[in-house]
Amino acid sequence: MSDTPPREKWIVSADWLAARLDDPNVVVLDASWTLKPEPGIGTPHEEFIDNRIPSARFFDIDDVADPDTDLPHMLPSPELFAEKVGALGISNDHTVIVYDTFAPFAAPRAWWMFRVMGHDDVAVLNGGLEAWELAGHPTERGEAARPAPQLFTPRLRPHLLAGIDDVKRALASGERQVLDARSPGRFAGEDEEPHPHVPPGHMPGAKNLHFELFLTPEGGYRDVAEIERIFAERGIDPAAPSIFSCGSGVTACLPLLAAARLGHENHPVYDGSWSEWATRDDTEIV
C-alpha cells in the first residue's frame, strides 16, 4: 500500500495506523506477552479484552508455538504457523501491524516470526497501545469479532533462524558475533534467571547488548541515529554477521529489529536462546 508521507520500513506511528485502520488490507495484532503476571494486571488476553485498538486481533506467542518442545514459545512449523495466522484472518496479501500493551518487546517477536515465514509486509507500532492512546485515538473493549479464516502460505526463511549448533560454530570460529539481549546482571550471572531451573551466566564469547538500550523512557523505539550510536559505543558492528539471543527468543528480536532498521535485515535469532543453552549438558557457561 502507498504511504503519504512514507513510513519507515519496519516501524509505523500511531497516526499512520489511524489513517489506515479502516483499510481491509490492514490487520492489527496485539502480541502482548509477559513472563510473570503483575499484581493488579490481568493476563495479556484479559487486557486485550478490556482495552485494545479497534479491530485488533490477539496474537499469542505461547499459542503460535511448537507444541512438541519443553522450551517456551518456540517457533512452530510453517504448517502450524499458517494454520494459526490463517485463523486470525491473515493472508499473504495483508499488511500486518503488531503492537504491545505491557512492554514494547513482544511485538518484535511477532514481527520476526512473520518474516521467518516469508511475510515482509509487517511492521511494529512505535510505542504500542500507550502511544496510540496518547495520540488521542479511540480504543474498544469486549470480546473481539471472529475474523473469516484466510489462506496463508508460508515460505520459510531458514537463514533467519539459528539453532544451537549454529551458535556453537559461531562461538568457536568467531565467524559470527553472538549478541545477548538480556540485562547486564543476568548476562554476568549476578542476577537470577526468571525462567525456572535455568542457571545464570552467559555463553563464552558472547557480547551483551541489552534490549532496553533501544527503548526510549516513554516505551517507544529509539530513532535510527540513536541506534547507530548505541552499536558504535559498544564496539558492535550491526552489519557484521550476527546471531541474536536472549532468555527465550523474545527480547532478542528488539535489537534485531534495531539492526534491521539500519538496513541489516538478514541476521537470525537463536530461538532456544539461554533457556536451551544453559540447560544442556554439552554447553559451556561463563
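Here, every reference points to the structure presented above.
Residues numbered from 1 in each chain as written. Predicted model: local features only at pLDDT ≥ 70, side-chain atom pairs only at ≥ 80, totals over all residues. Heavy atoms only, no water.

What is the right way to read the pairing of strand β5 (residues 122-125) from this model?
Side-chain positions along a regular strand alternate between the two faces of the sheet. Note that strand β1 (residues 11-12) and β5 share two bridges and pair parallel. In the strand pairing of β5, I11 is matched with V124. The pairing of strand β4 (residues 95-99) with β5 spans three bridges and is classified as parallel. Residue pairing in the sheet places I97 in a bridge with A123 of β5. (Pairing = 2+ DSSP bridges. Helix = DSSP H or I, 4+ residues; strand = E, 2+ residues; numbered from the N terminus.)

How should the packing of helix α8 (residues 224-233) against helix α9 (residues 253-261) be read in this particular structure?
Helix-helix packing is characterised by the crossing angle of the two axes and by the distance between the axes. Contact geometry of α8 with α9 gives a least axis separation of 10 Å together with a crossing angle of 115°. Classified by the angle their axes make, α8 and α9 are roughly perpendicular. When you trace α8 past α9, the crossing you get is left-handed. For the pair α8 and α9, contact is made by V224, I227 and F231 and by P255, A258, A259 and R261, respectively. Broken down by class, the residue content of the contact of α8 with α9 amounts to six nonpolar, no polar and one charged. (Axes fitted to C-alpha atoms, helices over the stretch in contact; angles between N-to-C directions. Parallel < 35°, antiparallel > 145°, perpendicular 65-115°, else oblique. Left-handed = near helix turned anticlockwise from the far one by under 90°. Contact = heavy atoms within 4.5 Å. Nonpolar A, V, L, I, M, F, W, Y, C, P; charged D, E, K, R; others polar.)

Where do I start with the pattern of salt bridges in this structure?
Close approach of charged atoms lets side chains of opposite charge pair. Applying the stated criterion across every chain yields a total of 18 salt bridges. The salt bridge partner of D120 is R157, with a shortest N-O separation of 2.9 Å. Note that D120 is positioned in the loop between α4 (107-116) and β5 and R157 in the loop between α5 (128-134) and β6 (161-162), a separation of 37 residues in sequence. Accessibility expressed as a relative area gives 33% for D120, which makes it partly exposed. A salt bridge links D166 to R169; its shortest N-O distance comes to 2.6 Å. (Salt bridge = Lys/Arg side-chain N within 4 Å of Asp/Glu carboxyl O. Buried < 20%, exposed > 50% of the residue type's maximum accessible area, 1.4 Å probe, protein only.)

Got a minute to help me understand the packing of aromatic side chains in this structure?
The relation between two aromatic rings is expressed through the spacing of the ring centres and the mutual angle of the planes. With the rule as written, the count across this model stands at nine aromatic pairs. Plain terms: the ring middles of F59 and F114 are 5.8 Å apart, the flat faces sit at 40° to each other, and that makes the pair tilted. Taken together, the positions of F59 in the loop between β3 (57-58) and α3 (78-87) and F114 in helix α4 put the pair 55 residues apart, joining distant regions of the chain. Neither F59 nor F114 differs from the other in exposure class; each is buried. Ring centres 5.5 Å apart and planes at 45° place the aromatic pair F214 and F231 in the tilted group. Remark: F231 occurs in helix α8 and F214 occurs in the loop between β8 (207-208) and α8; sequence separation between them is 17 residues. For the residue pair F214 and F231, the accessibility class agrees, reading buried in each case. Members of the aromatic cluster, connected to one another through ring pairs, are F59, F81, F114 and F152. Residue placement shows R52 over the ring face of F48; its charged tip is 4.9 Å from the ring centre. Note that R182 overlies the ring of W274, its terminal NZ or CZ placed 4.5 Å from the centroid. (Phe/Tyr/Trp six-rings, centres within 6.5 Å; stacked < 30°, edge-to-face > 60°. Lys NZ or Arg CZ within 6 Å of the ring centre and 35° of its normal.)

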